[in-house]
Amino acid sequence: MSGHSGRLRRWLSRVPGRSAFPGAARAGSDAGDRQDERAAGAGGPPHVRSSWSTHSVAREIFLLQLVLVVLLVAAAVVAIVIQSRRDTMTDARHRTLAAAESFAHSWGLQEALNSPDPTAKLQPLAEEARKASGVDALIVYKLDGITLTHSDPRQIGKHVIGPYADAARGKPFTRTFHGALGLSVISAAPVKDPSGKVIAIVSAPVTVEEVQKSVNRQLPIFLATAVGALALAGGGAGLVSRRLRRQTHGLGPAEMTRMYEHHDAVLHAVREGVLIVGRGGRLLLANDEARRLLDLPADAEGRHVGDLGLDHRTAELMASDRSATDEVHLVHDRLLALNKRSTIPYGPHHGSVVTLRDTTELRWLSGRAEVARERLRLLYDAGVRIGSTLNVERTAEELAQVAVPRFADIVTVELLDPVLKGEEPAASATELRRTAIAGLAADHPLHPVGELIRFAPGTPMATRVDQGRSAVEPDLAGSAGWRSQDPERVRRILDHGVHSLAVVPLRARGVVLGLVDFWRSGSSPPFDDEDLSFAEELAGRAAVGIDNARRYTRERAMAMTLQRSLMPRGLPGQDALEVAHRYLPAKAGVGGDWFDVIPLPGARVALVVGDVVGHGLHAAATMGRLRIAVHNFSALDLAPDELLGHLDELVTHMDVQDAGTEEGSAITGATCLYVVYDSVSGRVTAATAGHLPPAVAHPDGRVEFLYSPVSPPLGLGAGLPFETAERLLPEGSRLVLYTDGLVESRSRDLDAGLDALRAALAGPDRTPEDTCTTVMKTLLPARSADDVALLVARTRRLDPAQVAEWDVPRDPAAVSPVRNACVRQLADWGLQHIAYGTELILSELITNAIRYGAEPIHVRLLHTRTLICEVSDGSSTSPHIRQAKATDEDGRGLFLVARFAEHWGTRYSPRGKTIWATQAIGPDAQPSEEELLEHFLHHGEPGGE
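Residues numbered from 1 in each chain as written. Predicted model: local features only at pLDDT ≥ 70, side-chain atom pairs only at ≥ 80, totals over all residues. Heavy atoms only, no water.

1. Describing the packing of aromatic side chains
- Applying the stated criterion across every chain, the model contains four aromatic pairs.
- Look at Phe407 and Phe527: their rings are 5.6 Å apart centre to centre, the planes differ by 45°, and that puts the pair in the tilted class. Pair noted here: Phe407 is in the loop between helix 13 (392-403) and strand 11 (410-415) and Phe527 is in the loop between strand 16 (511-521) and helix 18 (529-566), with a separation of 120 residues, a long-range link.
- Phe407 gets classed as buried once you look at its relative accessible area, which sits at 4%.
- Judged by centre distance (6.0 Å) and plane angle (50°), the ring pair of Phe705 and Tyr707 falls under tilted.
- Look at Phe705 and you get buried, because its relative accessible area is 7%.
- What links up through ring pairs into an aromatic cluster is the set Phe407, Phe518, Phe527 and Phe534.
- Residue placement shows Arg375 over the ring face of Phe534; its charged tip is 4.8 Å from the ring centre.
- Here the basic side chain of Arg520 rests over the ring of Phe407, its NZ or CZ set 5.4 Å away from the ring centre. (Phe/Tyr/Trp six-rings, centres within 6.5 Å; stacked < 30°, edge-to-face > 60°. Helix = DSSP H or I, 4+ residues; strand = E, 2+ residues; numbered from the N terminus. Buried < 20%, exposed > 50% of the residue type's maximum accessible area, 1.4 Å probe, protein only. Lys NZ or Arg CZ within 6 Å of the ring centre and 35° of its normal.)

2. Some words on helix 25 (residues 835-852)
- Across its 18 residues, helix 25 extends 25 Å between first and last C-alpha, which sits within 8% of the 26 Å expected from 1.5 Å per residue.
- Within helix 25 the residues assigned to the buried category are Ala835, Gly837, Thr838, Ile841, Leu842, Ser843, Glu844, Leu845, Ile846, Asn848, Ala849 and Ile850. (Expected span 1.5 Å × (residues − 1).)

3. Focus on the sheet that holds strand 29 (residues 866-873)
- Across the sheet, five strands lie side by side as 27-28-29-32-31; this open sheet has antiparallel pairing. Both edges of this open sheet fall to strand 27 (803-808) and strand 31 (903-909), since each of them pairs with a single strand only. For this sheet, the mean angle separating the axes of adjacent strands, direction not counted, is 15°.
- Contacting strand 27, strand 28 (857-863), strand 29 and strand 32 (912-920), helix 25 crosses the sheet at an angle of about 15° to strand 29. (Pairing = 2+ DSSP bridges. Axes fitted to C-alpha atoms, helices over the stretch in contact; angles between N-to-C directions. Contact = heavy atoms within 4.5 Å.)

4. Observations concerning the environment of Leu638
- Inspection of the secondary structure puts Leu638 in the loop between helix 19 (617-635) and helix 20 (640-658).
- Judged by relative accessible area, Leu638 falls into the buried class, the value being 16%.
- Linking Leu638 and Tyr908, residues 270 residues apart in sequence, is a C-alpha distance of 7.6 Å.
- Not counting the four nearest positions on each side in its chain, Leu638 is found in contact with Phe633, Leu643 and His646.

5. With respect to the nonpolar core
- One finds Val411, Val413, Leu506, Val516, Phe518 and Trp519 to be the most contacted residues of the largest nonpolar core, which totals 53 residues.
- Counting 31 residues, the second-largest nonpolar core is a separate cluster that includes Ala821, Leu831, Leu867 and Cys869. (Core = buried A, V, L, I, M, F, W, Y, C linked by side-chain atoms within 4.5 Å.)

6. Concerning a negative patch on the surface
- On the surface, Glu744, Asp749, Asp751 and Asp755 cluster together into a negatively charged patch.
- Within the secondary structure, Asp755 is located in helix 22 (residues 750-761). (Patch = residues over 30% accessible without salt bridge, like charges linked within 9 Å, V, L, I, M, F, W, Y side chains within 5 Å. Areas by Shrake-Rupley, 256 points an atom, 1.4 Å probe, with all protein chains shown as cover. Salt bridge = Lys/Arg side-chain N within 4 Å of Asp/Glu carboxyl O. Lys, Arg positive; Asp, Glu negative; His and termini not counted. Charge placed at Lys NZ, Arg CZ, Asp CG, Glu CD.)

7. Structural notes on unusual backbone geometry
- A cis amide bond links Val404 with the next residue in sequence, Pro405, at an omega value of 0°.
- Along the chain, Pro405 falls in the loop between helix 13 and strand 11.
- Along the chain, Glu855 connects to Pro856 via a cis peptide bond; the corresponding omega equals 0°.
- Locating Pro856 in the fold gives a position in the loop between helix 25 and strand 28.
- A positive phi angle, close to 55°, is found at Asp295, a residue other than glycine.
- The topology assignment puts Asp295 in the loop between helix 10 (288-294) and helix 11 (312-319).
- Backbone geometry at Asp637 places phi at a positive 55°, although glycine is not the residue there.

8. Topic: the pattern of salt bridges
- Counted under the stated rule, the structure contains 39 salt bridges.
- Asp495 is paired through a salt bridge with Arg491; the nearest N and O atoms lie 3.0 Å apart. Pair noted here: Asp495 and Arg491 are both in helix 17 (residues 487-495), with a separation of four residues, about one helical turn.
- Relative accessible area serves as the criterion here: at 56%, Asp495 is assigned to the exposed category.
- In this structure Arg491 comes out as partly exposed when scored by relative accessible area, which is 41%.
- We note a salt bridge from Glu578 to Arg794, for which the minimum N-O separation is 3.0 Å. Of this pair, Glu578 sits in strand 17 (residues 577-584) while Arg794 sits in strand 26 (residues 788-795), placing them 216 residues apart in sequence.
- Residue Glu578 is classed as partly exposed on the basis of its relative accessible area, which comes to 26%.
- Look at Arg794 and you get buried, because its relative accessible area is 17%.
- It is possible to trace a salt-bridge network through shared partners that takes in Glu424, Arg509, Asp547, Arg550, Arg551 and Arg554.

9. Side note on the sheet that holds strand 13 (residues 452-454)
- Across the sheet, six strands lie side by side as 13-12-11-16-15-14; this open sheet has antiparallel pairing. Two strands bound the open sheet, and with one partner strand each, they are strand 13 and strand 14 (471-473). On average, adjacent strands in this sheet sit at an angle of 25° to one another, irrespective of strand direction.
- Sheet topology note: the strand 11/strand 16 ladder contains six bridges and is antiparallel. Along strand 16, the bridge assignment pairs Leu415 with Gly514.
- Across the sheet, helix 13 touches strand 11, strand 12 (431-438), strand 15 (498-508) and strand 16, and the angle it forms with strand 12 is around 50°.

10. Here's the deal with the packing of helix 24 (residues 815-828) against helix 25
- Two elements in contact, helix 24 and helix 25, have axes separated by 10 Å at closest approach and are oriented at 150°. Comparing the axis directions of helix 24 and helix 25 gives the class roughly antiparallel. In the packing of helix 24 onto helix 25, the handedness of the crossing is right-handed. Residue-level inspection shows Val815, Val818, Arg819, Cys822, Val823 and Leu826 of helix 24 in contact with helix 25, the latter providing Ala835, Thr838, Glu839, Leu842, Ser843, Ile846, Thr847 and Ile850.
- Within the contact of helix 24 with helix 25, the residues separate by chemical class into nine nonpolar, three polar and two charged. (Parallel < 35°, antiparallel > 145°, perpendicular 65-115°, else oblique. Left-handed = near helix turned anticlockwise from the far one by under 90°. Nonpolar A, V, L, I, M, F, W, Y, C, P; charged D, E, K, R; others polar.)

11. Focus: the packing of helix 22 against helix 23 (residues 768-779)
- In the contact formed by helix 22 and helix 23, the axes pass within 10 Å of each other and the chain directions differ by 140°. In this view, helix 22 runs oblique relative to helix 23, as classed from their interaxial angle. As helix 22 packs across helix 23, the resulting crossing turns out to be right-handed. In this structure, helix 22 contributes Gly753, Ala756, Leu757, Ala760 and Leu761 to the contact, and helix 23 contributes Thr771, Thr774, Val775, Thr778 and Leu779.
- Here the residues of the contact of helix 22 with helix 23 sort into six nonpolar, four polar and no charged.

12. Thoughts on a nonpolar patch on the surface
- Together, Leu64, Val67, Leu68 and Leu71 make up a nonpolar patch on the protein surface, roughly 370 Å² of accessible area in all.
- Position of Val67 relative to the elements: it lies in helix 4 (residues 57-104).
- Exposure remark for Val67: the relative accessible area of 46% places this residue in the partly exposed category.

13. With respect to the confidence of the model for the protein
- Scored by pLDDT, the protein comes out at a mean of 78, with 80% of its residues at no less than 70.
- Between residues 1-54, whose pLDDT stays under 50, and residues either more than four places distant or in other chains, the model counts 71 contacts. (pLDDT = per-residue confidence, 0-100.)

14. Quick word on helix 23
- With twelve residues, helix 23 should reach 16 Å at 1.5 Å per residue; the first-to-last C-alpha distance of 16 Å fits that figure.
- Within helix 23, the full set of buried residues consists of Pro768, Thr771, Cys772, Val775, Met776 and Leu779. Taken end-on, helix 23 shows its buried residues confined to a sector of 125°, consistent with a single buried face. The outward face of helix 23, more than 90 degrees from its buried face, is lined by the exposed residues Lys777 and Thr778.
- Against the buried residues of helix 23 lie strand 17, strand 25 (734-738), helix 21 (740-743), helix 22 and strand 26. (Arc of directions from axis to C-beta.)

15. Some thoughts on the pairing of strand 20 (residues 671-678)
- In terms of residue burial, strand 20 counts as a mostly covered element, since eight of its eight residues are buried.
- Alignment of strand 19 (residues 604-611) against strand 20, held across eight bridges, turns out to be antiparallel. Across the sheet, residue Val609 finds its bridge partner in strand 20, namely Leu673.
- Where strand 20 and strand 21 (residues 683-689) come together, six bridges link them in antiparallel fashion. Bridge pairing in strand 21 places Val676 opposite Thr685.
- The antiparallel pairing of strand 20 with strand 21 creates a hairpin that spans four residues between the two strands, and Gly682 there sits at a positive phi of about 75°.

As C-alpha cells, this is what we get:
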C-alpha cells in the first residue's frame with residue numbers, strides 16, 4: 001500500500017494547484033492550497049508542459065481529429081464522385097433508350113426503310129433527332145447488319161458489329177461495349193412492321209468519354225466544398241485541443257492513463273481502506289473500503305477526523321504527524337491494521353496517506369481456509385485409504401478409520417445384509433448390520449460390530465434408509481425421534497458425552513447400500529449443514545468403494561460356484577496311486593487352474609494339471625471346457641502326446657469360434673500336463689503343453705524333475721507334434737504335479753521356486769497328504785496373486801500274482817487251452833462265480849484276434865478291484881457292435897462281451913491294438929442265463945465283426 005501512496009504523492013507534486021482527488025477541492029480551507037492554485041493560474045511552474053512541440057494529450061487529440069476529418073472529407077468526395085458518375089451513366093442509358101425507341105416508333109420510318117434509298121431519307125431525320133435527344137449518334141440498320149444512318153458518314157454502308165440479337169428478336173436493350181465511336185453506352189430498339197415482324201434496328205450510343213466530361217465539370221464544386229469543410233473542421237479541432245491542453249496541463253497520454261488507472265485501482269479495486277488527511281487533520285478523501293471499515297458518514301470528507309466518531313487513539317494518530325506501520329486498532333468491533341505515511345517528501349502538499357486492513361476478516365478467512373485445506377486433505381486421504389481391498393467389511397472399516405478423529409469423534413457403518421453377501425440390496429429395508437466402528441473403547445454403549453439393528457419407524461436412521469437423504473441432529477438430547485429407537489441405550493450414549501449426529505446414506509449408482517453415522521462428543525462442536533455436505537462427499541466416495549467390493553464379492557462367489565462345479569468333487573477309486581491334492585484360489589479372484597485323476601483301462605491312471613491365464617468367470621469357464629475335453633479324450637485311451645495334440649487342435653477351433661462374439665477372447669496361455677502311470681510295469685509317461693515339469697521324489701529322498709521336450713501352450717502350437725518323456729519308477733515314488741502359482745511370484749523367480757520345491761520334497765518318505773501340507777506351508781506366499789493347484793501321487797505296483805499272461809498262436813485250436821488256463825487262474829483267485837462270463841468274453845476276443853487280427857496275439861488278466869481281460873494283436877482294425885441280420889452266421893459275439901463286461905473298449909499301441917473288458921467281481925456281477933435269454937427274445941441279436 002505504501003507504493004500506491006508514493007505514486008499519489010508524485011502525481012500531486014506534478015500538477016501543482018490541481019488535486020487528483022475530487023475531495024481536495026471541497027476541502028479548500030487551506031490557504032496554502034489556494035496560493036498554489038493562484039500560482040498555477042498565473043502560468044504555473046516551469047515544468048508544466050504547454051508547448052505544441054511536446055507529445056501532449058491535446059496535440060495527439062488534435063492530430064487524431066484532423067486525420068479523421070481528412071479521411072471523412074476524402075471519403076465523402078470519392079463517394080460523391082462515384083455517385084455522380086453512376087447517375088450520369090444511368091442518365092445516359094435512359095437517354096439512349098428513349099432516343100432509340102422514339103426514333104424506332106417515329107412516323108414515316110417504315111416508309112423510308114422501304115424506299116429505294118433509305119439513307120437519303122433517314123440520315124437528315126436521324127441527325128435532327130440526335131441533336132434533339134443529346135446522344136452521340138442514331139444508327140439505323142436492317143437485319144442484314146448494313147448501316148443506313150450514322151453520325152459519322154464514313155460508317156454508312158458498313159456492316160454493324162455488336163450484340164444486337166435481343167433487338168433482332170423484338171426486345172430493346174441497353175449495354176456498354178466498344179462500338180464504332182469507342183466505349184459507349186448503347187441502347188437498341190427494334191423497328192416492327194404492322195404484322196409485328198422486326199424489319200430494322202435503331203441504336204443510340206453515348207460515349208463513356210462524354211459521360212466522364214460531364215462528371216469532370218462538377219468536380220471543382222466538390223473539391224471546393226471539401227476544402228471548406230476541412231478548414232471548418234480543422235478550426236473546430238484546434239479550439240477543442242487548445243481547451244484540452246489547458247485542462248490537462250500538457251500531460252502526455254501515457255501519463256494520464258497511468259494516473260487514472262492507478263487512481264481507480266488504489267481507491268476502489270483494492271480491499272484496503274485509503275484516507276488522505278490534509279493539514280490540520282481534515283479528511284480530504286476516503287475510498288469505499290475506508291468508509292465501510294470506519295463506518296464513516298456520507299459527508300465525512302472535509303470534516304476533522306476527530307468529528308467522525310472514531311475512538312480517541314485512532315483519531316489522534318490520523319491527526320498527528322507520526323508515521324505508523326501495521327498498528328492494530330479496535331474500531332467498531334473490527335481489528336484494523338493501520339499504516340500512515342506523510343506526503344511531504346513526495347510533493348509540496350502537507351498531509352498524510354492512511355491505509356487500513358481488516359485483520360478480523362483475514363483471520364476468519366484464514367481459519368476457514370485452514371478448515372477447507374484440512375477437509376481436502378482428508379478427502380485425499382480417503383481416496384487413498386478407502387477401497388484398498390475389494391472386501392466389503394474392510395472398506396467399511398477404512399471409512400470409519402479415516403474419519404476419526406479428523407472429522408468425527410465416533411463413526412459407525414451399517415450395511416444391508418445383501419450388500420455383505422455381494423447381492424443386490426432391497427429397495428427398502430429397516431434392518432442393517434453394524435459393520436464397522438471407530439473411535440470408541442471396548443465398553444461403548446453402541447451396537448457392536450456384527451449385530452443386526454432394526455430401526456424403529458420415524459427414527460432418523462430408518463427415514464434416511466427409506467428416503468436415501470442425509471440428516472443432521474445438532475442436539476441429540478432434544479431429538480425425540482432418535483430417542484425413541486432405544487431409550488435405555490440412548491441414555492447410556494448421552495452419558496458418554498455424545499451430543500451430535502450426522503446420518504448419511506451410502507448411495508452408489510442410485511441404490512442405498514447402508515448408512516454411515518458420524519458422532520461428536522465432549523467439547524467438539526455440533527454438526528452443521530456445511531459438515532453434512534462434507535460428510536456426504538466422504539460417504540459418496542466410500543459408497544463407490546463398497547459397491548465395487550460388493551460387485552466383486554458377487555462375481556467372485558459366482559466364479560467360485562462355477563469353479564467348484566467344474567472341479568472334481570472327489571477322487572475316483574483306483575489301486576494304482578495314493579493321491580492327495582490341494583487347491584487354493586488367488587486373493588485377486590478365481591482363476592483357471594485345475595487338476596484331475598482319471599482311471600484308465602489296464603490298471604493305469606492319468607494325472608492332469610492345467611492352467612488358464614487370467615482370473616474371473618471367463619478363466620473358470622475356459623478351465624471347465626478344457627477339463628471336460630481332457631476327460632472325453634482320455635476315454636479314447638490315447639497316448640499323452642496324442643491327447644495333447646487333439647486338445648491343442650480343439651483350443652484352436654474354440655478360439656476361431658469365439659473370435660466373432662463380443663465377449664469371446666482367445667484362450668491364450670492355457671497350459672496342460674498329462675501324465676499316465678501304469679501300475680503293472682511301474683512306467684510313467686508324461687507330455688506337456690507349455691506346463692512346468694512334474695517332480696519325482698524317490699523313496700530314497702532323491703528329487704528330480706521329469707522334463708519333457710519343450711512344447712508351446714495350447715492353441716499356439718500351429719500343428720506341431722507333442723513329445724513324451726518316459727521313466728520307470730520304483731514303488732513308493734511320489735509324483736508331484738503343480739501350477740506356476742506355487743513356485744513363481746513377484747518376489748521369487750521360477751528357478752528359485754523350483755529349487756525351493758525340490759528342497760521341500762527331499763528327505764524322508766512322507767504320505768501324499770503330509771507332502772501336500774509341507775509343500776504348501778513352505779512355498780505358498782503370504783498373499784498369492786495366482787491360483788495354486790497341487791497334486792501328489794505315491795505309486796503302487798500291482799502284485800505279479802495278480803497278473804496272468806499268455807501268448808496265443810494264430811490257430812483256432814489254441815483258443816480252448818488258453819480259455820481253460822484262464823478258468824484255472826480265476827479259480828486260484830477265487831473268482832469262480834464269474835468264470836462263465838469270462839470264458840465267453842475271452843473266447844470271443846481271442847477268436848476275433850485269430851480270425852481278423854495279426855500276430856503276435858497276447859492275453860492278459862489283471863486282478864484289481866475288478867477283473868480286466870486284455871487281448872492284444874498286431875492289427876489296428878478295431879471291432880464294433882453291429883446289428884446282425886437273421887441270415888448271418890456270425891457277428892453276435894460282441895453282444896456277449898457287452899452284456900458280461902461293465903466296460904469294454906480298444907486301446908491302440910505302436911505294435912497294434914488291445915481290446916479290453918472290465919468285469920465286476922462281486923457276487924451279483926454276472927447276468928443270469930434267464931436274463932440273457934429274455935434279452936435275446938426281445939431285442940434281437942446284435943453282432944460284431
